[in-house]
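A closer look at the structure
Here are the chains, one letter per residue:
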Amino acid sequence: MTYNELLRKSAKESGNIVCMGLDPVLSVLPASDKSIRDRLASYFGTIFKKMNEEGISPAAFKPNLGYYSSLDRPREGSFEGSLALGDILALLDEYFPSVPVILDSKRGDIARSSGNYAEEAFSAWNADAVTVSPYMGKDSVMPFAYEGKGIYVLNRTSNPGAADLQNILVVDAVDEKELYPLYLAVAHRIARWSEEHEGIGAVVGATNMKELHDIASYYSDRDIPMLIPGVGSQGGSASDVMAALKDSGYPAELARINSSSGLTHPWKKGTAPENWLSLVIDAVKSLIKEASV
C-alpha cells in the first residue's frame, strides 16, 4: 500500500482528517511518583483506551521526537523519553493499528546523513511518515523515499518567524521567471519530487488562510499530501482550513489537520485537573467534528 492510499483509507475509516499530536509536557500531567517512562505510557494509554471505548479515532498521530529525546540522559545511561515513545507507539499499534504515525523530526542533511535519519524514522521507530527540511535540496530529501512511506517537506510553516525566509521573493528559473515567495518555489520542487515518489507531501501551516489556499490550489490536482499544523493554541481554525481546502478543490482525504497541546492537555498550564480525561476526550471529539469528511 502506498502512503497516499494509507491516508485515504484512514480518512475513510475514521470519518475525519484530524492528526493528533503527541507532545508531552511533564509539568501539566497528573501528579505521579512513577518514572517518566511509566508516567507517559500510563497517561497516553489511558487516553487511547478511552478513545477506543468511545469509538473515536483521529486519522493520524504525530509524536514530535524532541519532546521525548529531550527527556533522555544518555551520559547517565537513561533513555526514559525514548523508551516512553516506544511504549506509546506500541499502544497505537494496539488501539489504532490502521492509523498512520507521522514522526515529526524535521530532518534533512547531506545524503548519507539523511539516509541514517531515514533509517531512524522508518526502521528504528517504524513510523509511516516523517517531516523533513528542504533547505539542502533534493539529495537530502530523497533518501527518505522508502517504499510505502510518506515524506512531509516543510513548505510554509505556522510559526511567526517563518516569514523571515519563507516569504522572501525569489525567481525560480526552472519553473517561472517572475518574483514570488520562496514557499511557492518550494511547492514547485515538492511537486516535481512527488513525480519520483508517491507520498512526498508538504507541511503547510493553518495560520494564514490565503497562503494555505494558494498552496492547496497548486496541489489540488497533484496528489500531494498536506500536513497542516497551527490549529488550536497557535490560532488556526479547523473550520477555516476545511473551507479553504474545499474552495481550492484540494482532496481533503490527503490532508491532516494537526493539533497537539489543544488535544492532549487543553488546560495548557498547571497540573492536570481532576476531570482531565474528559477534557481531552471532549477536545478530540470537537476537532473531529470540525474536520469530518
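Everything that follows concerns the structure shown earlier in this document.
Scope of this entry: the structure provided in the associated data block. (Residues numbered from 1 in each chain as written. Predicted model: local features only at pLDDT ≥ 70, side-chain atom pairs only at ≥ 80, totals over all residues. Heavy atoms only, no water.)

Remarks on the sheet that holds strand β3 (residues 102-107)
Pairing within the open sheet is parallel, and its eight strands lie in the order β2-β1-β10-β9-β8-β5-β4-β3. A single partner strand is all that each edge strand has here, and the edge strands are β2 (60-62) and β3. The average undirected angle you get between the axes of adjacent strands in this sheet is 30°. Relative to strand β4 (residues 129-132), β3 is paired through three bridges, and the arrangement is parallel. Paired with L103 across the bridge in β4 is V130. Contacting β5 (150-156) and β8 (200-204), helix α8 (residues 182-194) runs over the sheet at an angle of about 160° to β5. Here helix α9 (residues 209-219) sits on the sheet in contact with β5, β8 and β9 (226-228), set at roughly 165° to β9. (Pairing = 2+ DSSP bridges. Helix = DSSP H or I, 4+ residues; strand = E, 2+ residues; numbered from the N terminus. Axes fitted to C-alpha atoms, helices over the stretch in contact; angles between N-to-C directions. Contact = heavy atoms within 4.5 Å.)

Quick look at the packing of aromatic side chains
For the structure on display, the rule yields 10 aromatic pairs. On the basis of an interplanar angle of 50° and a centroid distance of 6.4 Å, the ring pair of Y95 and F96 is categorised as tilted. Here Y95 and F96 have matching classes, each one buried. Through successive ring pairs, a cluster of aromatic residues spans Y43, F44, F48, F61, Y95, F96 and W276. A cation over a ring is seen here: R222 above Y218, with NZ or CZ 4.0 Å from the ring centre. (Phe/Tyr/Trp six-rings, centres within 6.5 Å; stacked < 30°, edge-to-face > 60°. Buried < 20%, exposed > 50% of the residue type's maximum accessible area, 1.4 Å probe, protein only. Lys NZ or Arg CZ within 6 Å of the ring centre and 35° of its normal.)

Considering the pattern of salt bridges
Applying the stated rule across the entire model yields 13 salt bridges. The salt bridge involving R8 is made with E253; its shortest N-O contact spans 3.8 Å. Of the two residues, R8 is situated in helix α1 (residues 3-14) and E253 in the loop between α10 (238-248) and β10 (255-259); the sequence distance between them amounts to 245 residues. A residue is classified by how much of its surface remains accessible, and R8, at 29% relative accessible area, is partly exposed. For E253, a relative accessible area of 30% translates into the label partly exposed. Ionic pairing is found between K106 and D104, a salt bridge with its closest N-O pair at 2.7 Å. Taking relative accessible area as the criterion, K106 reaches 41% and is therefore assigned partly exposed. Overall, D104 belongs to the buried group, its relative accessible area being 7%. (Salt bridge = Lys/Arg side-chain N within 4 Å of Asp/Glu carboxyl O.)

Focus: the packing of helix α2 (residues 36-54) against helix α12 (residues 276-290)
Put simply, α2 and α12 touch, their axes get as near as 10 Å, and they point 55° apart. Relative to α12, α2 is oriented oblique. Our pair here, α2 against α12, has a crossing hand that is right-handed. Here Y43, T46, I47, K50, M51 and E54 of α2 lie close against α12, whose contacting residues are W276, L277, V280, I281, V284 and K285. Across the contact of α2 with α12, the residue classes break down as eight nonpolar, one polar and three charged. (Parallel < 35°, antiparallel > 145°, perpendicular 65-115°, else oblique. Left-handed = near helix turned anticlockwise from the far one by under 90°. Nonpolar A, V, L, I, M, F, W, Y, C, P; charged D, E, K, R; others polar.)

Observations regarding the pairing of β10
In terms of burial, β10 is a largely internal element, five of the five residues being buried. Across the two faces of β10 the burial is the same, with A255, I257 and S259 and R256 and N258 all buried. Across three bridges, strand β1 (residues 18-21) lies against β10 in parallel orientation. Each residue of the ladder has a partner; that of V18, found in β10, is I257. Sheet analysis places β9 next to β10, joined by three bridges and oriented parallel. Bridge pairing in β10 places M226 opposite A255.

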